[in-house]
Amino acid sequence: MVFYYKARPEAGDYTIFMGLDKHENEELIKYGFPEDIWFHVDKMSSAHVYARLNKGQTMDDISEGLLEDCAQLVKANSIQGNKVNNIDVVYTPWYNLKKTISMDVGQVGFHNPKIVRTVRVEKRIKEIVNRLNKTKVERKPDLRAEREAVNTAERSERKSQLRDKKRREEMERLEKERQAEMRSYKSLMVSDKMTSNKEIAATSKSLQELEEDFM
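Below: a short report on this structure. (Residues numbered from 1 in each chain as written. Predicted model: local features only at pLDDT ≥ 70, side-chain atom pairs only at ≥ 80, totals over all residues. Heavy atoms only, no water.)

**Quick word on the pairing of strand β4 (residues 49-52)**
Piece 1. Pairing geometry for strand β2 (residues 15-19) and β4, over four bridges, is antiparallel. Counted as the bridge partner of Met18 is Val49 from β4.
Piece 2. With four bridges connecting them, strand β3 (residues 36-41) and β4 associate as antiparallel partners. Bridging from a neighbouring strand, Ile37 pairs with Ala51 of β4. (Pairing = 2+ DSSP bridges. Helix = DSSP H or I, 4+ residues; strand = E, 2+ residues; numbered from the N terminus.)

**Details of unusual backbone geometry**
Piece 1. Located in the positive-phi region is Lys43, a residue other than glycine, with phi close to 65°.
Piece 2. Summarising the element assignment, Lys43 is placed in the loop between β3 and β4.
Piece 3. With relative accessibility at 78%, the residue Lys43 sits in the exposed group. (Buried < 20%, exposed > 50% of the residue type's maximum accessible area, 1.4 Å probe, protein only.)

**Overview of the pattern of salt bridges**
Piece 1. Scanning the model with the defined rule gives 14 salt bridges in all.
Piece 2. The salt bridge partner of Arg131 is Asp69, with a shortest N-O separation of 2.8 Å. Here the residue Arg131 occupies a position in helix α3 (residues 126-134), and Asp69 occupies one in helix α2 (residues 64-76), the gap between them amounting to 62 residues.
Piece 3. On the accessibility criterion, Arg131 (26% relative accessible area) is partly exposed.
Piece 4. Given a relative accessible area of 0%, Asp69 falls into the buried group.
Piece 5. Measuring nitrogen to oxygen at the nearest pair gives 2.5 Å for the salt bridge that ties Glu170 to Arg173. You can see Glu170 and its partner Arg173 sitting in helix α4 (residues 143-188), three residues apart, about one turn around the helix.
Piece 6. Residue class for Arg173 comes out partly exposed when judged on its relative accessible area of 37%.
Piece 7. Ionic contacts of the salt-bridge type, sharing partners, join the residues Arg8, Glu68, Asp69 and Arg131 into one network. (Salt bridge = Lys/Arg side-chain N within 4 Å of Asp/Glu carboxyl O.)

**Details of the side chain of Gln72**
Piece 1. Tracing the backbone shows Gln72 in helix α2.
Piece 2. Judged by relative accessible area, Gln72 falls into the buried class, the value being 3%.
Piece 3. Polar contacts involving the side chain of Gln72 include one to the main-chain amide nitrogen of Ile125, which spans 2.8 Å.
Piece 4. If we ignore the near neighbours within four places in the chain, the residues touching Gln72 are Val121, Lys123, Arg124, Ile125, Ile128 and Val129. (Polar contact = N/O pair within 3.5 Å; in protein donor to acceptor, adjacent residues only side chain to side chain. Contact = heavy atoms within 4.5 Å.)

Written out as C-alpha cells, the structure reads:
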C-alpha cells in the first residue's frame, strides 16, 4: 500500500507519497524514479516520504512550500519525531540512496553524503498536516511495472534522439559536400583560367591540316 498526497496548489502540481511500512519502503527504494526526492527524520525512525518532481528538475527546484509540506508530513509520521520540537529532516535524490545486503529492511545509506540536505522543523503545523491528509489516497501500485514502463519510454526516446542526430549529421555531411562542389566549380569558372571558343579555333588545327601533318 502506498499513500499519495497533493502538495499545496501554489507549490505546483506535485505528488507526495510514502509507503505503508518498511516492506513497502523497500519497493519504493528499489523502483524509484530519477525525479523522486526522499525525505526522512534525521537520526529517528520515520516514514520514508518522497516528492516526485517534474522531469528534468532537481533538488534546487524545490520551492519552500513543497519542502515544508514534505518535512511536516515526515514529522507527523514519526512516532518519536512527532512528539518533540526542533527536529531535523534530511532529504536527497532517490538515486543517492544506497542499499546493501547487510542492511535491515527499510534501512538505507547514501552514495554521496555531500548531496544530502537538512531542513529544521521547529514544530508540527496542524493546518499543513490536516490539509495534506484531506488529499490522501491509498493505492496498491505495481511499482515494478511503473518503473519498467518509464524505462521503456526512456529507451524509445533515446533511440528517437539517436535517429534524429544521425539524420542531422547526414544532412550536414551532404550539405558540406555540396558546398565543396560549388567552390570547386566556381574555381574552374574563373575568367583568367577560361578559354573562349575563338581562342580554341585560333590555336587548333583543322581536320585537314592534321591529316596533312600525318601524311
